Amino acid sequence: MSNPAENDPTRSKELVAIEAEAFFYAVFEFLGYDFRHYSDASRNRRLIAFVDRHSLGTISKAQDRVLRDPSLLASFLSTMTVNVTEMFRDPLVFAKIRTELLPRLATYPRIRIWIAGCATGEEAYSIAIMLDEAGLLDRSTIYATDIDGDSLRAAASAIYPADAMVGATRNYQASGGERPFSDWYIAKYDRCILSPTLRSRLEFFSHNLATDSSFGEFHLILCRNVFIYFEETLQRRAERMFWDSLAPFGNLVIGPREGLTVEGIRLFKPQDRRLGIYAKSQNQRVRP
Amino acid sequence: MSGPDVVVIGGSAGGIKALRGIFETLVDIRDTVVFVVLHRAPHYGGLDRVLQGYTAIPIREPSTSPWACTPGEVTLAPAGYHLLAGNDRTLSKEPQTPVGHYTTLAGVRAHLTLDAPILCSRPSLDAAFSSAAQLVNSVTAVLLSCASDDGAQGCEDVKNAGGRVVLQDPESCEAAMAVNAALRKVEPDHVADPRGIGQWLCRTRG
């Protein structure tokens, strides 16, 4: 039987779009992971990468396999959420956190920080390093969350490729770090393990911004390079959750290539819009 | 549903110079959505201002994602992110089915991602070309001087999806690796030096 979509590019694109919508609907209904309100270009590209990696042929065939084979789920979630980043990415943001946000955090007896969408943990450890340098780490807890178990396990191991430390060192210095960066890790063969002091104040666990709710009150929330993947309706949900989860005067930090929704602009006031640093709006009328 | 025409221009070593040549003859893009993707170091900012020195056409780097592209403007992939092209979508107030919450529209958006670098590059030309190939719009990929194979696969994807492929004449390339790789994969719709590419884009637009 000939494939009607094969020789007609327009029909073929239409088919992929329909298969992808059906796939994510089924995954949500049956497995509970909700990618329905992720933006389509990056989401579908990752889905097709997953289909190719496992030689599944088509998205429709992948749907059958993912729904019935739990061992494929982990690989699927990893592909859907992978962010390849580095410690102290966007050094100017970390410089600002160091000079403007840490002094305020220092006024709290216990400091609670949430890194939402922590991927493989680079950002969580970067924050831990700055807290330690400011003498705040022993009274801080950093809650780092992601939906991907493989990423969380990698993050919790505190082990990174040795060559990642080159970029990390350059970024650390550009962020105003003054110690030898090698103080923070031990290298062996082609791997590095970060200092256990940093690891001891970090909690890594699963949390889904699309389906889970707030789990406490925080003085600082970082959610960088996550909204770039969201449609507005999902970003609004996350913004409301962050507002609910922030202590008075708490800060939200998003990526430098991200903005807030119209509703989010009422919930948070910019402290440095270019760097993505916002503060919780105290106006009670904005309560979502 | 066809929407604005889309042109995606990609290059690396020698790409900025080639782009300057294109802008000498492509002085007006009318209602076309133009993407420019150039390899550079992840922390290299300020390319938008450099390119703006070559043309009166507004050059914009997305400051958010998804980013709605304005026809008549050039959307530049920021350093350190992949740029993907996608179509506008709106959330249906009353979905017809439980599955399709969104309606696809012919407007064009840019999406930034932190997926792993492809062929050591982020932004990747392949990622930009291949995503553009999926648009409902009429798409042209323009591959300029580039010292890796990046862009060749994307050209093939654009061609397979019914789009057009324009290659910089290898003779005029500082680095012809990508263009030569593309020539092994596709029959280009046009091959020219940068000024010639600009003229061809003017002549063939809708």
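Residues numbered from 1 in each chain as written. Chains lettered and ligands numbered in written order. Predicted model: local features only at pLDDT ≥ 70, side-chain atom pairs only at ≥ 80, totals over all residues.

(A) Region of the structure containing the overall build of chain B. Broken down by element type, chain B carries 6 helices and 10 strands. A globule of 206 residues ought to have a C-alpha radius of gyration of about 17 Å, and chain B, at 16 Å, matches this closely. In terms of overall dimensions, chain B has a C-alpha envelope of 55 × 35 × 35 Å along the principal axes. Each of the 206 residues in chain B was classed as buried or not, and the buried ones make up 50%. Taking the contacts inside chain B whose residues are at least 6 apart along the sequence as the reference set, 74% of them involve residues at least 24 apart. (Helix = DSSP H or I, 4+ residues; strand = E, 2+ residues; numbered from the N terminus. Rg over C-alpha atoms; globule rule 2.2 N^0.38 Å. Buried ≥ 20, exposed ≤ 12 C-beta atoms within 10 Å, placed from the backbone. Contact = placed C-beta atoms within 7 Å.)

(B) Up close: the pairing of strand β8 (residues 246-254) of chain A. All names here are of chain A. In this sheet, β8 lies alongside strand β7 (residues 218-223) in parallel orientation, the contact comprising 5 bridges. The partner of Ile-221 across the bridge, within β8, is Leu-252. Between the parallel elements β7 and β8, the chain passes through helix α10 (residues 232-245) in a crossover that is right-handed. Sheet analysis places β8 next to strand β10 (residues 277-280), joined by 3 bridges and oriented antiparallel. Bridge assignment links Leu-252 to a residue of β10, and that residue is Tyr-278. (Pairing = 2+ DSSP bridges. Right-handed = clockwise from strand over helix to strand, strands pointing away.)

(C) The arrangement of the domain arrangement of chain A in detail. Residue and element names in this part refer to chain A. Taken domain by domain, chain A consists of domain 1 (9-81) and domain 2 (91-286). Between domain 1 and domain 2, the C-alpha centre-to-centre distance is 29 Å. Listed per partner, the contact involves 11 residues of domain 1 and 13 residues of domain 2. When contributions to the side of domain 1 that touches domain 2 are tallied by element, the ones reaching two or more residues are α2 (40-53) and α4 (70-81). Considering every element that reaches the side of domain 1 that touches domain 2, the biggest residue donor is α4, with 4 residues. Split into classes, the residues belonging to the side of domain 1 that touches domain 2 amount to 3 nonpolar, 6 polar and 2 charged. (Domains from an automatic or database assignment. Nonpolar A, V, L, I, M, F, W, Y, C, P; charged D, E, K, R; others polar.)

(D) How the structure looks around the confidence of the model for chain B. On average, residues of chain B score 94 in pLDDT, and 99% of them reach the 70 mark or higher. The ipTM assigned to the predicted complex is 0.93, against a pTM of 0.95. (pLDDT = per-residue confidence, 0-100.)

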